[in-house]
Amino acid sequence: MNISLRVNGRPVEAVVEPRLLLVHFLRERLRLTGTHIGCDTSQCGACTVHLDGRAVKSCTVLAVQADGCDITTIEGLAAEGELHPLQAAFQEQHALQCGFCTPGMIMASLELLGRAIVPDDREIRAALEGNRCRCTGYQNIVAAVRTACERS
Amino acid sequence: MRRDAPPDLIGARVPRVEDPRLLAGRGAYVDDLQLPGMLQLDILRSPHAHARICELDVSMARALPGVVAVYTGRDLAQFLKPVPSAGGMQGFNAPPHHVLAVDRVRFVGEGVAAVLAQDRYIARDARELINVTYDVLPAVTDPGVALTPQAPVLHDDIGSNRAFELRIGNDTQAALAASERIISGRFINQRVIPGPMETRGAVAHFEPWEGRLTVWLSTQAPHLMKREFARYLDFPEHRLRVVAPDVGGAFGAKNNPYAEELLAAALSLKHGVPLKWIEERSEHMLATSHARAQAVEVHAGVRADGTVQALHYRLTADMGAYYHAITHIGPMMTAALMTGAYRIAHAATDIISVFTNATPTDPYRGFGRAEATYFIERTMDLIARELGLDVLEVRRRNLIRPEEFPCTTPTGHVHESGNFQLCLDRALERFDYEGTRREQARLRAAGRYLGIGIATHAWRAGFPSVPGGKGYVTSGWEKSTVSIDAAGKIRVVIGTSPHGQGVVTTTAQIVAQQFGLLPQDVRVIHGDTDAVAQGNGTMGSRSLVVGGSATLLAAQQVRAKAIRLAAHLLQIDPRQVVLESACFRDAGNSQRGIALTEVAAHAFAGPRDLPDGMEPCLEAAVLFEPANFTTCFGTHVCAVEVDVQTGAAAIRRYIAIDDAGRAINPTLVEGQIHGGLAQGIGQALMEGASYDSAGQPLAASLLDYATPKASDLPHFEVELTETPSTVNPLGARGIGEAGAIGAPPAVVNAVLDALAPLGVRHLDMPLTPQRVWRAIQEARA
Amino acid sequence: MIPAAFEYAVPRSLEDAVAVLADCEAGTAAILAGGMSLLPTMKLRLAAPALLVDIGRLRELAGISRASGRLRIGALTTHAELLAAPELAEWRVFAETAGVLGDPQVRNRGTFGGSLAQAHPAADWPAVFLALRGVACLRGSRGERSVRSEDFFTGVLTTAIAEGEILTHVTFPAGDGRSGAAYSKMRQQASGMALAGVAARITLDTAGRIEESTVGVTGIGGAPFRARSIEQRLSGLLPTPSILEESCADVPEADPTNDLHADADYRRQLLRVHATRALTRALERARSAIP
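The structure contained in this document is the topic of the report that follows.

This model, assessed by the stated rule, comprises 88 salt bridges over all chains. The partner of Arg761(B) in a salt bridge is Glu386(B), and the shortest N-O contact between them spans 3.2 Å. Here Arg761(B) is found in the loop between α19 (738-755) and α20 (769-780), whereas its partner Glu386(B) is found in helix α11 (residues 369-387), with 375 residues between them in sequence. Glu386(B) sits in the partly exposed class, given a relative accessible area of 30%. Its salt-bridge partner being Glu478(B), residue Arg542(B) comes within 2.6 Å of it at the nearest N-O pair. Taken together, the residues span a long stretch of sequence, with Arg542(B) in the loop between β21 (522-525) and α16 (543-570) and Glu478(B) in strand β19 (residues 478-484) at a distance of 64 residues. Relative accessible area serves as the criterion here: at 0%, Glu478(B) is assigned to the buried category. Each of Arg27(A), Glu28(A), Asp31(B), Asp32(B), Arg120(B) and Lys276(B) takes part in salt bridges that share partners, so that together they form one network.

Structure below.
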């Protein structure tokens, strides 16, 4: 099946099998390997990307469902080689260790930025419900998201 | 006397140099690697815990377009040996563990057939087309049951499910008999799944014309793997290259040479093509090592004042169906550290290790030591309760005092140094122990159940070599090479293989400090056996303690040589040279000096331009071998409130005071503690890899196996003390496992303290809401 | 991780979708909306439909509106939309439920209709659907029909939706100024689904007595159900905390299942606790709805 979509602002056309998962399309066809696969039951959130501006788990979206959509992956976030403020806050707050969950964490947290009211820690923790990390205990991730929200 | 003052990088909160590429999505984990013509390997796994394979028909799978080959266990046994296990320990009767099961499966998830196909979609389809008929056998997953005469026996050649038995300790019988009172209990440290976010995976690439095999492996120990893979494959080690690319967490579960990984390498050799194997999460839950799975029957001989006179454990350790690399070490480590932070004159553990129809166990953060700490810290609470004493008082009475170090325990461990009281005092002060006890009483009067839990933990890290050991993980040394290029920048090659610990940054800090450079002037190379000639790996909190010490010593040697050279160029005595901010100055004339860049460039000159006997280049390689383990210690205190209607336990406050020995980068140390706490709290409250009576795993995906999410955890209050270790030049103790070790007993003690007024006396982890509620009902009945 | 191969159809209208389904052999097609339940099942190869009919782009099935005293929620309305819908301010239970359902990414794609049509025994919306006495509107090749919530769930993973029919929207009575509803749930720690989830609606009479209550239950086992024993006990009573608690002490119509996370006894207890909590909040909301 033919699909055409925009990925990180660039138009992409491809022929895909209907069952191809968006995450495999991004990773293997487009070589955007920053989006990771951490589970097979849609729990871990490592594969989170933005689809038309909303965070989704790309392991649970078919590439054909993304036909005509606008996709942003972690690679699309750091413009011109400069870290996005959220990425910078992750480094500053030591919010990553092995780095495997990190792209998903960042893409999920991005939805919290730019709101009128800075979320409190409880709200941030709730917003990370769809993302698992096994390294950090989340504390510094929460701090990084809070820091970025305060600055945005 | 210190004549120069480098910028204070030791103890500085330097941001990690590892981060930018990982943040930008430019990390390179094993599944990110794509090679031309690469095939995909997929494994069909047993759905049964114990069964005979009657028929295995792979013809339909072989016929699927895009499938290159399909192998059964029997096919592979023609040309592959069993998987190495139990570290080649002498006297260990390790049953053969085939790469894929031959005729009989012994746990759910054991490999049965392997598919090699053009891509992962085809491989997965082919797996579906393999027909297996099983003759299901009775299974046993409970180690206690496995020891009974009626139990099905896993390995016919051994004749029973006893893996090994061992006694560690001194005489306890007489001491127990002479004790004023014996207090007994039974504690279980349940089977859990380490569960790094990245599952296992391998890419193997044999290049026949080069005679070279490269294996990219999600591993924590590329050098150990290189040695094991070479031996297993009978492949010349000098032509084998193992690369640990970015590794998405390991926690002890990635230092075993696994069947699928060896198979990937073997099939790349056989087919002469690159191939990839990536484990799915649901496979990971079954096929990657589980951990802990120990139970003890405790007998403690005590005096009425709480002094512990003697301690005996009968420890049952669940090996799973086979040994992995160091499965057998777990219970030995538990036994060696059974006395925890306490002075107990008589202590011994009788270990019985058992095979069961379950996933093999192996290390997980806190290996053996988390179990030991849980058992002794639960025992201390039990003693306090039985004697009607405060849990704090019992601990204080038995803690090893600062003046008692070095302190040899009855199980043969030497605590090199420490100050256990320091952490305890600081924890209680910050927690406001007395005030919280009053708060607890007030809440109880209002029908709310708050509990306080304490764990004073002491264990060991950074293992030394095992005398006479030739097997797996018996070398305790680590190597580091520091070299300065002609522009005065530094390259450090280290034998450990960091994957989240931040060792690249701490290594850069240690080295930069020696030369008055900045961390970004230092590049750290690791994880590729072609780039790093010798090493062991990252495990047992040894990266900084052992590897970092090698780095410090190497940097110091290079520094000394650079100073000699600078003195030569300045025509002064080396003792007159002051090294500051990458510049060598004449202490007698502050106007005279020479930059490190100039000295570095000069170091490449011919020997005739160098001081007598000096070799060109500023480089040193040091192999550091610790004389003993470091002693690691701390105190954790937490307050937990239990909703007695639902049984849900919520941590209100968690304070961890841990001794780092020397914290090179406190931010990274705290991060390590946070992560360990999350895993420890997960074990205490949520996680458990349990099986039903047929040996079916009950929590075989992340839909049923609960690892903590952000909303499950409190804000941790973490503080470090620094009591330098005496066994390494850095003074570091190894901090990576403290959280996972301290948290389970602290949390369980707190929940039981909360429920004490309701008459609940015992609970086994995980303290899920259902289990807690059930205990309350039973206590009420 | 990898679904079995399937054919994929993207109908351009509801009519088109109905026609595609009518052409299929029974049991071979599956309807794809947000895919948050279906795709995970297919990835584990627990389902392998030959044809996926993707209705996810039919905007006529999305959105929230109000007509003749009833609220209409399109089947494709996402959980995230329900979390933030100003049109549903009178029934805070929608935002409350959406807020404890799944996770933000799932809420961004998962749909209200998909959740009801799948009828997972631990899904959240079925409880709300029952408690608010919704009506499901179905469209098939033989036209449209409506099914009341109490007749909708017929068993585990089964509903009154017939082969070839599509759930298009659900209607609910609008708020009446003297009713309140709430949802209370115990999450299964790993999956986040309901070990027990109770949605309760209370309508008060002018004297502050309970004129009517409805209690929808999910997660306990079997199909989602109405706890009519609680509803009957409460009818006509002047509610107090202890009356609410006592009314939930025993729910004989519950037939709880046993699993790793909760045995039958524990599920009964969770039902008691969460029914009481949902009723308590529903009562507060009913009282505060009265002008």
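Residue and element names in this part refer to chain B. Spatial ordering of the open sheet is given by β21-β20-β19-β25, a layout of four strands whose pairing is mixed. Two strands in the sheet have a free side with no partner beyond their single neighbour: β21 and β25 (618-624). Neighbouring strand axes in the sheet, compared pairwise and without regard to direction, differ in orientation by 15° on average. Where α16 meets the sheet, its contacts fall on β19, β20 (490-494) and β25, and the angle it forms with β25 comes to roughly 150°.

Let us now look at helix α18 (residues 666-685) of chain B. When the terminal C-alpha atoms of α18(B) are compared, their 28 Å separation across 20 residues agrees well with the 28 Å that a helix rising 1.5 Å per residue should span. Counting buried positions over the 20 residues of α18(B) gives 20, a clear majority of the element.

On to the interface of chain A and chain B, then. Size of an interface: often given as the accessible area lost when the parts come together. Contacts between the two partners involve 45 residues from chain A, matched on the other side by 56 residues from chain B. Here chain A packs against chain B, burying approximately 4500 Å² in sum over the two surfaces, 51% of which is carbon and sulfur. A per-residue breakdown of the area chain A buries against chain B is headed by Arg132(A), Arg134(A) and Gln139(A), which together make up 20% of the total. The tally of links from chain A across to chain B stands at six salt bridges. For Arg134(A), the salt bridge is made with Glu687(B), and the minimal N-O distance between the two is 2.7 Å.

Take the side chain of Glu231(C) next. All names here are of chain C. Structurally, Glu-231 can be placed in helix α9 (residues 228-234). On the basis of relative accessibility, which here comes to 9%, the residue Glu-231 falls in the buried class. Sequence-distant contacts of Glu-231, that is, excluding residues within four places in its chain, are made with Ser-213, Thr-214, Val-215 and Arg-226.

Okay, the environment of Glu246(C) next. Residues and elements named next belong to chain C. By the secondary structure assignment, Glu-246 is in helix α10 (residues 241-247). For Glu-246, a relative accessible area of 55% corresponds to the exposed category. Note: C-alpha distance between Glu-246 and Arg-272 (26 residues apart in sequence) is 9.0 Å.

What counts, and where the lines are drawn
Residues numbered from 1 in each chain as written. Chains lettered and ligands numbered in written order. Predicted model: local features only at pLDDT ≥ 70, side-chain atom pairs only at ≥ 80, totals over all residues. Heavy atoms only, no water. Salt bridge = Lys/Arg side-chain N within 4 Å of Asp/Glu carboxyl O. Helix = DSSP H or I, 4+ residues; strand = E, 2+ residues; numbered from the N terminus. Buried < 20%, exposed > 50% of the residue type's maximum accessible area, 1.4 Å probe, protein only. Pairing = 2+ DSSP bridges. Axes fitted to C-alpha atoms, helices over the stretch in contact; angles between N-to-C directions. Contact = heavy atoms within 4.5 Å. Expected span 1.5 Å × (residues − 1). Buried area = accessible area lost by both parts, 1.4 Å probe.

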